[in-house]
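Overview (structure and organization)
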Amino acid sequence: SSGINAEYGDDVSTSLRMPKAIDNAVHIANPKTFEFQVVRTQLLPGILKTVSCNRKMPLPLKLFEVNDVVIQQDEADTGCQNYRNVCALYCGKTSGFEVVHGVLDRLMMALNEKNYSIQQSGDPLFFSGRGADVILGSKKIGHLGILHPEVLDKFEISLPCSVLEINLEPLI
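Here the residue index of a chain counts from 1 through its sequence in written order. Residue-level local features of this predicted model are given only where pLDDT is at least 70; pairs of side-chain atoms are given and counted only at 80 or more, and the full residue set underlies all totals for whole chains, interfaces and linings. Computation of side-chain values covers all heavy atoms of the structure but excludes hydrogens and water.

**What about the overall build of the protein chain?**
Put simply, the test is: Strands are runs of DSSP state E lasting at least 2 residues, helices are runs of H or I lasting at least 4, and numbering of each runs from the N terminus. Each residue's exposure class comes from its accessible area (1.4 Å probe, protein chains only) as a fraction of the maximum for that residue type: buried when under 20%, exposed when over 50%, partly exposed otherwise. By definition in these notes, contact holds between two residues if any of their heavy atoms fall within 4.5 Å. Areas reported as accessible are Shrake-Rupley estimates using a 1.4 Å probe. Residue values count occlusion only from the protein chains shown.
Summing up its helical and strand segments, the protein chain has four helices and six strands in all. Listing every helix and strand of the protein chain by position from the N terminus yields α-α-β-β-α-β-β-β-α-β. Looking at the protein chain as a whole, 44% of its 172 residues are labelled buried. Within the protein chain, contacts between residues at least 6 apart in sequence are counted, and of these 56% link residues at least 24 apart. Summing over all exposed atoms, the protein chain offers an accessible surface of approximately 9500 Å²; the carbon and sulfur share of this is 52%.

**Describing the confidence of the model for the protein chain**
To be explicit about the condition: The score called pLDDT rates the predictor's confidence residue by residue, from a low of 0 to a high of 100.
On average, residues of the protein chain score 85 in pLDDT, and 78% of them reach the 70 mark or higher. Counting interchain partners and residues more than four positions distant, the pLDDT-below-50 stretch residues 1–13 has 31 contacts.

**Some remarks on the environment of valine 39**
Secondary-structure assignment places valine 39 in the loop between α1 (10–15) and α2 (44–53). Residue classification places valine 39 among the partly exposed residues on the basis of a relative accessible area of 23%. Residues valine 39 and valine 69, spaced 30 residues apart in sequence, show a C-alpha to C-alpha distance of 7.4 Å.

**Side note on the pattern of salt bridges**
As a reminder of what qualifies: Definition used for salt bridges: Asp or Glu carboxyl oxygen within 4 Å of a side-chain nitrogen of Lys or Arg.
A complete count under the given rule lists four salt bridges for this structure. Arginine 55 is the partner of glutamate 156 in a salt bridge, and the nearest nitrogen-oxygen pair spans 3.7 Å. Pair noted here: glutamate 156 is in the loop between α4 (149–154) and β6 (161–167) and arginine 55 is in the loop between α2 and β1 (61–72), with a separation of 101 residues, a long-range link. Residue glutamate 156 is classed as partly exposed on the basis of its relative accessible area of 43%. For arginine 55, a relative accessible area of 40% translates into the label partly exposed.

**A look at the nonpolar core**
Quick note on the threshold: We call a set of buried residues a nonpolar core when its members are Ala, Val, Leu, Ile, Met, Phe, Trp, Tyr or Cys and they connect through side-chain atoms within 4.5 Å of each other.
Counting residues in hydrophobic clusters, the biggest one holds 20 residues, and the most contacted among them are Leu44, Leu48, Leu89, Leu147 and Ile157. Secondary structure elements with two or more residues in this core: α2, β1, β2 (80–91), α4 and β6.

**Quick notes on α2**
In an α-helix, one full turn covers 3.6 residues, which means residues spaced three or four apart are oriented alike. The buried fraction of α2 amounts to seven of the ten residues, a majority that puts the element mostly inside the structure. All of the buried residues in α2 are Leu44, Pro45, Gly46, Ile47, Leu48, Val51 and Ser52.

**Focus on the environment of leucine 61**
Relative to the assigned elements, leucine 61 resides in strand β1. Residue leucine 61 is classed as buried on the basis of its relative accessible area, which comes to 10%. Each C-alpha atom, one on leucine 61 and one on tyrosine 90, is 5.8 Å from the other, the two residues being 29 residues apart in sequence.

**Re the pairing of β2**
Applicable threshold: Each pair of strands is called paired provided DSSP finds at least two bridges between the two strands.
β2 sits mainly inside the fold: nine of its twelve residues count as buried. Both β2 and β6 contribute to a ladder of seven bridges, which runs antiparallel. The residue of β6 that forms the bridge with tyrosine 90 is serine 162.

**Comments concerning the sheet that holds β6**
Within a sheet, each strand pairs with its neighbour through backbone hydrogen bonds, oriented either parallel or antiparallel. Our working definition: Angles here are taken between N-to-C directions and fall from 0 to 180 degrees, while the axes themselves are lines fitted to C-alpha atoms, restricted in helices to the stretch in contact.
Pairing is antiparallel in the open sheet, where six strands are placed in the order β1-β2-β6-β5-β4-β3. The sheet is open, and its two borders are formed by β1 and β3 (116–120), each paired with just one other strand. Here the average twist between neighbouring strands, direction ignored, is 20°. Bridging between strand β4 (residues 126–136) and strand β5 (residues 139–147) involves seven bridges; their strand directions are antiparallel. The residue of β5 that forms the bridge with aspartate 133 is histidine 143. Where α2 meets the sheet, it contacts β1, β2, β5 and β6, and its direction lies at approximately 35° from that of β2. Set on the sheet, helix α3 (residues 97–110) makes contact with β2, β3, β4, β5 and β6; between it and β6 the angle comes to about 25°.

The structure is reproduced here in structure tokens:
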């Protein structure tokens, strides 16, 4: 089964080249459907599904979403914590890394935040040497980069895409 047909669960964690990601996901005890068995831990799979369904639209595709994600946290009363994330994606004939980097810079400027940086990372989600962590102070709040071709293939996307996803909570 492709990543398009299963937005959450094991398929998504392997589609994003992060096989252990499902271990940190919050599972719903009595879901109405299989699709809602696992709560979103990131916004990217939904954005990639949208790109996949709109492949025939004029290029470039520029998408964003601001929404909640849920992360397991043992110290929380419920065993999990909601966070507000933003995810932005550029898909076109070129990777558009400079576009998503510009979105990050503009967002930080709008929030009057100057204490951030990006540091190269080895995140398997991204093309080798083309991914970075977004650091606020000394804490990682997200990442950006050019998506790895294997990730794009799982969502049947044939064009290069760059993405930014950060946790907005420390900024607002």
